[in-house]
Amino acid sequence: MSPLANLIFITSLFLGTTIAISSNHWVMAWAGLEINTLAILPLISKSHHPRSIEAATKYFLTQAAASALVLFSSMTNAWQTGQWDITQLTHPTSCLILTSAIAMKLGLVPFHFWFPEVLQGSPLTTGLLLSTIMKLPPMTLLYMTSPSLNPTLLTTLAILSAALGGWMGLNQTQIRKILAFSSISHLGWMAVILVYNPKLTLLNFYLYAMMTTAIFLALNTAKVLKLSTLMTAWTKTPSLNAMLLLTLLSLAGLPPLTGFLPKWLIIQELTKQDMAPTAVLISLLSLLSLFFYLRLAYCTTITLPPHTTNHMKQWRTNKPTNITIAILTTMSVMILPISPMILTIT
């Protein structure tokens, strides 16, 4: 793809995101979501591999269906109440349709089937955009409509997402699929607290986006796509691999790393809302995803391949690590001590 075309698509992506998150009218939000979808499609299919074309087709069909549902829910609400304002979504049926539409856009269970396939068919850089920026407009719409949404439905979707995101990631060997199931599991944590404390959902999303960006960029630097190549990547960039280990553990939510902060605050808030059983259940389900994070971490730095003769060692490069990756990995590991300051800001 030519640099000019690439620039146009990336600019359109940011434009669509900006329109969607800054709009008050449902039609403007829908237009922003559509611009987003159309801008990311060429980036998914740019390698011209059959898997990439398949991923782009699946992505287009699911996102088009979800956008149609968003428009349908807003029209139903306008028909019943006369309001096109996003924050005035009060009709119960419209709220249910919107929740389903946003769940489909985000990849929440049971609308998650497209996400691992699309991520597996995309390059790592596009996978990063799909996991972070593409999730921002739907999360913003959920944040703006959170007072009207059904808590029981969202809690059910959240528990199912945390469970299936953990279970289905256990037997994967492709790193992009593992990160897709990790994303589904994290979305469960965001959805469970949305109605009770929407700011915590946003905080969780920001920290998740930061840690996922660090991991995708590190994997892209090492040119790693599956576990068997991850085992030999330590010879290429040893220091980056050490930081990747810590970032993976942070994404798993282990204290005293950054990823522990949102889980800690969400469990605390759920307990305050008399939802201790939900907090216990979602905490136990996060142990499933902890297993595959530990497996990734183990493959990254702790183990050597069992048959070293079968694996070609990669040459160590003397290129300095990208400063962006250095900053992101450091923040992904060390933000927990300044969490009181973050909480006063939010």
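Conventions used here
- Residues numbered from 1 in each chain as written.
- Predicted model: local features only at pLDDT ≥ 70, side-chain atom pairs only at ≥ 80, totals over all residues.
- Heavy atoms only, no water.
- UniProt positions renumbered as here; feature names shortened; annotations may be inferred.
- Helix = DSSP H or I, 4+ residues; strand = E, 2+ residues; numbered from the N terminus.
- Buried < 20%, exposed > 50% of the residue type's maximum accessible area, 1.4 Å probe, protein only.
- Contact = heavy atoms within 4.5 Å.
- Areas by Shrake-Rupley, 256 points an atom, 1.4 Å probe, with all protein chains shown as cover.
- Lys, Arg positive; Asp, Glu negative; His and termini not counted.
- Charge placed at Lys NZ, Arg CZ, Asp CG, Glu CD.
- Domains from an automatic or database assignment.
- Buried area = accessible area lost by both parts, 1.4 Å probe.
- Salt bridge = Lys/Arg side-chain N within 4 Å of Asp/Glu carboxyl O.
- Polar contact = N/O pair within 3.5 Å; in protein donor to acceptor, adjacent residues only side chain to side chain.
- Core = buried A, V, L, I, M, F, W, Y, C linked by side-chain atoms within 4.5 Å.
- 1 Å grid on protein atoms, 1.4 Å probe; cavity = no way out; pocket = protein on both sides within 12 Å on 5 of 7 lines; lining within 4 Å.
- Points joined across faces, edges and corners; volume = space filled by probe spheres on them.

Going by what an unreviewed UniProt entry lists, the chain is known as NADH-ubiquinone oxidoreductase chain 2 and is assigned to Microspingus cabanisi. What UniProt states about the chain under its Function (unreviewed entry) heading is, verbatim, "Core subunit of the mitochondrial membrane respiratory chain NADH dehydrogenase (Complex I) which catalyzes electron transfer from NADH through the respiratory chain, using ubiquinone as an electron acceptor. Essential for the catalytic activity and assembly of complex I." UniProt annotates the chain under Sequence similarities (unreviewed entry) with the comment "Belongs to the complex I subunit 2 family."

Peer 1: Could you clarify how one ought to interpret the overall build of the chain in this entry?
Peer 2: Each helix and strand in the chain was counted, giving 16 helices and 0 strands. Dimensions of the chain, computed from C-alpha atoms along their principal axes, come out at roughly 70 × 50 × 35 Å. Taken across its 346 residues, the chain has 54% of its residues classed as buried. In the chain, the proportion of contacts linking residues at least 24 apart, taken out of those at least 6 apart, comes to 78%. On the chain, roughly 15100 Å² of surface is accessible, and the fraction owed to carbon and sulfur atoms is 70%. Where the 17 positive side-chain charges of the chain centre and where its 6 negative ones centre are 20 Å apart.

Peer 1: Teacher, can you tell me more about the UniProt feature "transmembrane region" (unreviewed entry) in the chain here?
Peer 2: As annotated in UniProt, the feature "transmembrane region" (unreviewed entry) corresponds to residues 59-76, 96-115, 152-171, 178-196, 202-219, 240-261, 281-304 and 325-345 in the numbering used here. Secondary structure over residues 202-219 splits into 100% helix and 0% strand, and the C-alpha atoms at its two ends are 26 Å apart. The straight-line gap between the two end C-alpha atoms of residues 240-261 is 23 Å; of that span, 68% is helix and 0% is strand.

Peer 1: What exactly am I supposed to notice about the domain arrangement of the chain here?
Peer 2: Think of interface size as the accessible area that goes away when the parts come together; that is how it is often given. Looking at the assigned domains, one finds that the chain contains domain 1 (1-122) and domain 2 (150-345). Each of domain 1 and domain 2 has a C-alpha centre, and the two are 24 Å apart. Taken residue by residue, the interface counts 15 residues in domain 1 and 20 residues in domain 2. Roughly 1500 Å² of surface becomes buried between domain 1 and domain 2 when both sides are summed, with 74% attributable to carbon and sulfur atoms. Broken down residue by residue, the surface that domain 1 buries against domain 2 is led by Leu108, Val109 and Gln120, which jointly contribute 38%. Summed over the shared surface of domain 1 and domain 2, the number is 1 salt bridge. With its nearest N and O atoms 3.5 Å apart, the salt bridge here joins Glu117 to Lys177. Linking domain 1 with domain 2 are 5 residue pairs in polar contact (both at pLDDT 80 or more). At the level of secondary structure, the elements contributing two or more residues to the side of domain 1 that touches domain 2 comprise helix 4 (92-106) and helix 5 (114-120).

Peer 1: Please explain the nonpolar core as it appears in this structure.
Peer 2: Nonpolar side chains tend toward joint burial in soluble globular proteins. One finds Ile40, Ile44, Tyr59, Leu130, Ile175, Leu219 and Leu230 to be the most contacted residues of the largest nonpolar core, which totals 99 residues. At 13 residues, helix 10 (residues 198-222) tops the list of elements feeding residues into this core. Split by domain, this core shows at least three residues from each of two domains, domain 1 (1-122) and domain 2 (150-345). Excluding its chain neighbours within four sequence positions, the residues that come into contact with Leu230 are Ile175, Leu219, Val224, Asn241, Leu244, Leu296, Cys299 and Thr300.

Peer 1: What exactly am I supposed to notice about the pattern of salt bridges here?
Peer 2: Two side chains with opposite charge may pair up if their charged atoms get near one another. Within the structure shown, the criterion is met by 3 salt bridges. Between Glu117 and Lys58 there is a salt bridge, and its shortest N-O distance comes to 3.8 Å. Of this pair, Glu117 sits in helix 5 while Lys58 sits in helix 3 (residues 50-81), placing them 59 residues apart in sequence. Look at Glu117 and you get partly exposed, because its relative accessible area is 29%. A single network of salt bridges, built from pairs that share partners, joins Glu54, Lys58, Glu117 and Lys177.

Peer 1: Would you explain the layout of surface pockets in this entry?
Peer 2: In this structure, the second largest pocket spans a volume of roughly 170 Å³. Lining the second largest pocket are Trp189, Ala252, Gly253, Leu254, Phe260, Lys263, Trp264, Ile267, Ser283, Ser286, Leu287 and Leu290. Elements with a contribution of two residues or more to the lining of the second largest pocket: helix 13 (260-272) and helix 14 (276-302).

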